[in-house]
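# Commentary on secondary and tertiary structure
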2 protein chains.
Amino acid sequence: MSAAPREGSSTGRGRRPVRPSGDDRELAILATAERLLSERSLAAISVDDLARGAGISRPTFYFYFSSKDAVLLSLLDRVVAEADTAMREVFGAPAASAREGWQRAIAAYYETFRVHRALTVAWAEARSSNAEVRALWSSVFERWVQQCADAIEGERARGAAPPGLPARDLAIALTSMNERVLYATFTGDGPSVAEADVVDVLLGVWLSAVYGAVDGV
Amino acid sequence: MSAAPREGSSTGRGRRPVRPSGDDRELAILATAERLLSERSLAAISVDDLARGAGISRPTFYFYFSSKDAVLLSLLDRVVAEADTAMREVFGAPAASAREGWQRAIAAYYETFRVHRALTVAWAEARSSNAEVRALWSSVFERWVQQCADAIEGERARGAAPPGLPARDLAIALTSMNERVLYATFTGDGPSVAEADVVDVLLGVWLSAVYGAVDGV
DNA sequence: CGAACGAGTCAACACGGTGTCGAGTTACGC
DNA sequence: GCGTAACTCGACACCGTGTTGACTCGTTCG
């Protein structure tokens with residue numbers, strides 16, 4: 001119940017026994033999951049729905065995945081890979097101005113999640129109920145925070161940004177903001193920033209937090 | 001299933017029929033819920049746990065509350081009332097300096113949730129699964145955003161803060177940041193700001209976002 | 001060829017949770 | 001002492017999860 005019973009095979013997530021071959025079924029399950037997630041919440045999707053959608057019975061589903069959450073994790077692994085690629089590109093090619101660099105990073109982050117918005121929302125939902133999802137998120141988040149903190153320190157070192165809050169704390173706060181603001185924008189529940197403005201708004205806060213020195217207030 | 005069957009009585013949340021008298025039971029359920037929430041997640045608490053904890057049977061529980069979520073909502077109503085009081089005090093008595101004003105607002109926000117951290121965490125958890133919780137949160141959040149946006153516009157009007165992003169968008173972004181950062185700090189999952197530093201970090205970002213003009217980056 | 005093996009499949013089951021119904025029991029006013 | 005309304009709970013219907021064991025294939029190898 002607490003610890004997830006993952007199998008020993010090297011592929012890790014997914015299949016129960018050992019080797020591949022019913023790949024189509026597995027793919028069908030993943031596709032069904034992504035499709036259903038764009039219609040309703042994860043909690044409202046049963047294993048039976050996924051199985052039927054993939055043209056198999058419920059017990060057969062368990063041959064491919066150990067639970068509904070394992071399907072989500074599988075889907076998430078892919079998005080994480082995409083997001084990492086996007087981040088690497090952004091941080092790889094340096095920009096014309098600092099503003100543009102940050103702008104590109106935030107836009108990339110936004111874009112990655114926008115493309116998979118159903119997954120993004122399900123992710124947030126599952127995070128509170130599943131330890132593995134939480135762990136995956138933590139590791140992704142940690143990587144971003146680290147990269148941002150390094151970037152902030154870089155800007156301070158070259159004299160472009162003034163000293164201020166510890167770079168890591170600042171990076172955590174700003175990355176958290178991005179996450180929460182984008183989530184609200186995607187779901188549209190409660191007060192949220194319009195999708196067209198969200199990158200600009202986030203960028204504005206990032207720039208003032210990183211470059212704006214405020215002392216005499 | 002989708003719409004929650006709330007009763008017609010004026011008190012709204014809680015009791016099923018009409019008048020009070022088994023108040024002790026009701027209180028016992030609420031107390032049990034708050035106690036159990038400090039030990040485990042909402043999802044891991046069953047109606048049976050709440051009933052047993054209050055010394056009644058499961059069906060009897062349903063005499064007092066229409067579901068587990070209704071109990072949470074009841075608890076939340078109280079915290080919201082507290083938070084509103086705290087906010088009113090903060091925004092009521094004007095501070096020595098602008099910095100101190102914002103500092104007090106953020107600290108009040110922090111303090112309210114810190115005191116009820118188990119509830120705060122459960123709240124975030126339930127928000128993704130329950131429409132009523134989501135609606136309650138939205139209304140609370142909207143009030144804060146409104147108040148912050150007004151404060152920001154006030155500062156701009158008196159010339160203390162430079163013009164910049166639309167005040168409402170800025171307020172949404174910053175309030176969202178507070179929410180997410182505090183949540184992470186309270187749960188301690190993933191990268192988070194230390195509890196002792198969190199108010200300072202948030203304050204720093206708020207001040208630079210509201211007062212720091214950043215143009216030439 | 002045919003036995004045997006393993007991947008893939010599913011009906012049937014055990015379990016645990018939710019919410020309801022109806023038959024009680026108690027307490028209090030009349 | 002009796003009616004009635006608050007309150008209580010055993011038993012039930014329902015749904016979702018995850019498991020078991022028996023079955024069907026296709027392949028491979030003696």
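Scroll up for the structure.
In what follows, the accompanying structure is described. These numbers were taken from a predicted model, which means no experiment stands behind them. (Residues numbered from 1 in each chain as written. Chains lettered and ligands numbered in written order. Predicted model: local features only at pLDDT ≥ 70, side-chain atom pairs only at ≥ 80, totals over all residues. Heavy atoms only, no water.)

## Describing the side chain of Thr185(B)
Residue and element names in this part refer to chain B. What counts here: Counting from the N terminus, the helices are the DSSP runs of H or I reaching at least four residues and the strands are the DSSP runs of E reaching at least two. Burial status follows relative accessibility: with a 1.4 Å probe on protein chains alone, a residue under 20% of its type maximum counts as buried, one over 50% as exposed, and anything between as partly exposed. Pairing of N or O atoms within 3.5 Å defines a polar contact, subject to two protein rules: one partner must be a possible hydrogen donor and the other a possible acceptor, and residues neighboring in sequence count only if both atoms are side-chain atoms. Residue contacts follow a heavy-atom distance rule, with two residues in contact if any of their heavy atoms lie within 4.5 Å.
In this fold, Thr 185 is placed in helix α8 (residues 167-187). Here Thr 185 falls in the buried class, since its relative accessible area comes to 8%. A polar side-chain atom of Thr 185 sits 2.9 Å from the main-chain carbonyl oxygen of Val 193. Discounting residues that sit within four places of it in the chain, Thr 185 has contacts with Ser 192, Val 193, Ala 194, Glu 195 and Val 198.

## A closer look at the packing of aromatic side chains
What counts is decided by this rule: Any two rings among Phe, Tyr and Trp, with Trp reduced to its six-membered ring, count as a pair given centres within 6.5 Å; such a pair is stacked if its planes are under 30 degrees apart, edge-to-face if over 60, and tilted if neither.
Inspection of every chain in the model, using the stated rule, returns 24 aromatic pairs over all chains. When the centroid spacing of 5.3 Å and the interplanar angle of 90° are considered together, the rings of Phe61(A) and Tyr62(A) count as edge-to-face. A ring pair is formed by Trp137(B) and Phe141(B), whose centres lie 5.9 Å apart and whose planes are at 45°; its orientation type is tilted. Taken together, the residues span about one helical turn, with Trp137(B) and Phe141(B) both in helix α7 (residues 131-157) at a distance of four residues. Overall, Trp137(B) belongs to the buried group, its relative accessible area being 7%. Residue classification places Phe141(B) among the buried positions, given a relative accessible area of 3%. Ring-pair connections join several aromatic residues into one group, and the members of that group are Tyr109(A), Phe113(A), Trp123(A), Trp137(A), Phe141(A) and Trp144(A).

## Some words on the relation of the copies chain B and chain A
Formally: Our superposition of the copies is a least-squares fit, built on the C-alpha atoms of residues whose pLDDT is at least 70 in both.
Overlaying chain B with chain A gives an RMSD of 0.0 Å, the required rotation being 180° about an axis along which the chain moves by 0.0 Å. Considering both components of the superposition, the chain copies are consistent with a two-fold axis. Taking C-alpha positions as the reference, the residue of chain B nearest the rotation axis is Met177(B), at 2.0 Å. Most of the interface of chain B is mirrored in chain A, where 100% of its interface residues are also at the interface.

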